[in-house]
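The residues making up each chain are set out below.
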Amino acid sequence: MMVGLLNIGSIIFGLIAWVLPVMSLMRVEKDKQQWVMFSLLSVISCSIALCFQILYHNHLVNIEDWSAMLDITPFITFASCVLLVVTIILNLVTYIVYRKRLIS
């Protein structure tokens, strides 16, 4: 019953991982020191989202639901890679923007 919440939690934490760097970029003029916290929380959120997917796959293995594993694994692999790559890109963009602001 509670295992289904892992997928919802994964989506929520994945969205948080993307929203935090965007929020940080929107606050460039206001606060120049908070970007590190936003980036760190973004990476942590991405990690939690990926961990939830690993836990869900572990649950499917434990209950031996091989057909579900075969059905969802290709999509989950793709979605996890997209989540990770986009999170890294957003945080790199945030770093570059703030570095330019601090240098100038």
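Residues numbered from 1 in each chain as written. Predicted model: local features only at pLDDT ≥ 70, side-chain atom pairs only at ≥ 80, totals over all residues. Heavy atoms only, no water.

Q: Whenever I open this one, the environment of Ile-16 confuses me. Can you help?
A: With respect to the helices, strands and loops of the structure, Ile-16 is situated in helix α1 (residues 4-26). Placed 64 residues apart in sequence, Ile-16 and Ser-80 show a C-alpha to C-alpha distance of 14 Å. (Helix = DSSP H or I, 4+ residues; strand = E, 2+ residues; numbered from the N terminus.)

Q: Looking at this structure, I do not really get helix α2 (residues 35-62). What am I missing?
A: Each turn of an α-helix holds 3.6 residues, which means side chains three or four residues apart point in the same direction. The terminal C-alpha atoms of α2, which comprises 28 residues, lie 40 Å apart, in line with the 40 Å expected from a rise of 1.5 Å per residue. Those residues of α2 not exposed but buried are Trp-35, Phe-38, Ser-39, Ser-42, Ser-45, Cys-46, Ala-49, Gln-53, Tyr-56, His-57 and Leu-60. Close packing links the buried residues of α2 with α1 and α3 (66-103). Positive backbone phi, approximately 55°, marks Glu-64, located one or two places after α2. (Expected span 1.5 Å × (residues − 1). Buried < 20%, exposed > 50% of the residue type's maximum accessible area, 1.4 Å probe, protein only. Contact = heavy atoms within 4.5 Å.)

Q: Help me out: how do you make sense of the nonpolar core in this one?
A: In summary, soluble globular proteins display a tendency toward joint burial of nonpolar side chains. Among the nonpolar cores identified, the biggest contains five residues, and these are Leu-6, Tyr-56, Leu-60, Ala-68 and Met-69. Sorting the residues of this core by element identifies α2 and α3 as the ones contributing at least two each. Residues contacting Met-69, with those up to four places away along its chain left out, are His-57, Leu-60 and Val-61. (Core = buried A, V, L, I, M, F, W, Y, C linked by side-chain atoms within 4.5 Å.)

Q: Could you clarify how one ought to interpret α3 in this entry?
A: Here α3 is 38 residues long and its end C-alpha atoms lie 54 Å apart, about the 56 Å a rise of 1.5 Å per residue gives. Maximal helix bending in α3 amounts to about 40°, located at Ile-72; proline Pro-74 follows within four positions. All buried positions along α3 are accounted for by Ala-68, Met-69, Ile-76, Ser-80, Leu-83, Thr-87, Leu-90, Asn-91, Thr-94 and Tyr-98. Structurally, α3 contributes buried residues whose contacts are with α1 and α2. (Bend = angle between axes of the 7 residues up to and from the residue.)

Q: So what exactly am I meant to see when it comes to the packing of α1 against α3 here?
A: When two helices pack together, their arrangement is given by the angle between the helix axes and the distance between those axes. Running from N to C, α1 and α3 point in directions that differ by 15°, and their axes come no closer than 9 Å. As the angle between them shows, α1 and α3 are arranged roughly parallel. Our pair here, α1 against α3, has a crossing hand that is left-handed. Contacts between α1 and α3 involve Gly-14, Ala-17, Trp-18, Pro-21, Val-22, Ser-24 and Leu-25 on the former and, on the latter, Val-82, Leu-83, Val-86, Thr-87, Leu-90, Asn-91, Val-93, Thr-94, Val-97 and Tyr-98. (Axes fitted to C-alpha atoms, helices over the stretch in contact; angles between N-to-C directions. Parallel < 35°, antiparallel > 145°, perpendicular 65-115°, else oblique. Left-handed = near helix turned anticlockwise from the far one by under 90°.)

Read these as layout, nothing more, since geometry by itself doesn't imply function.
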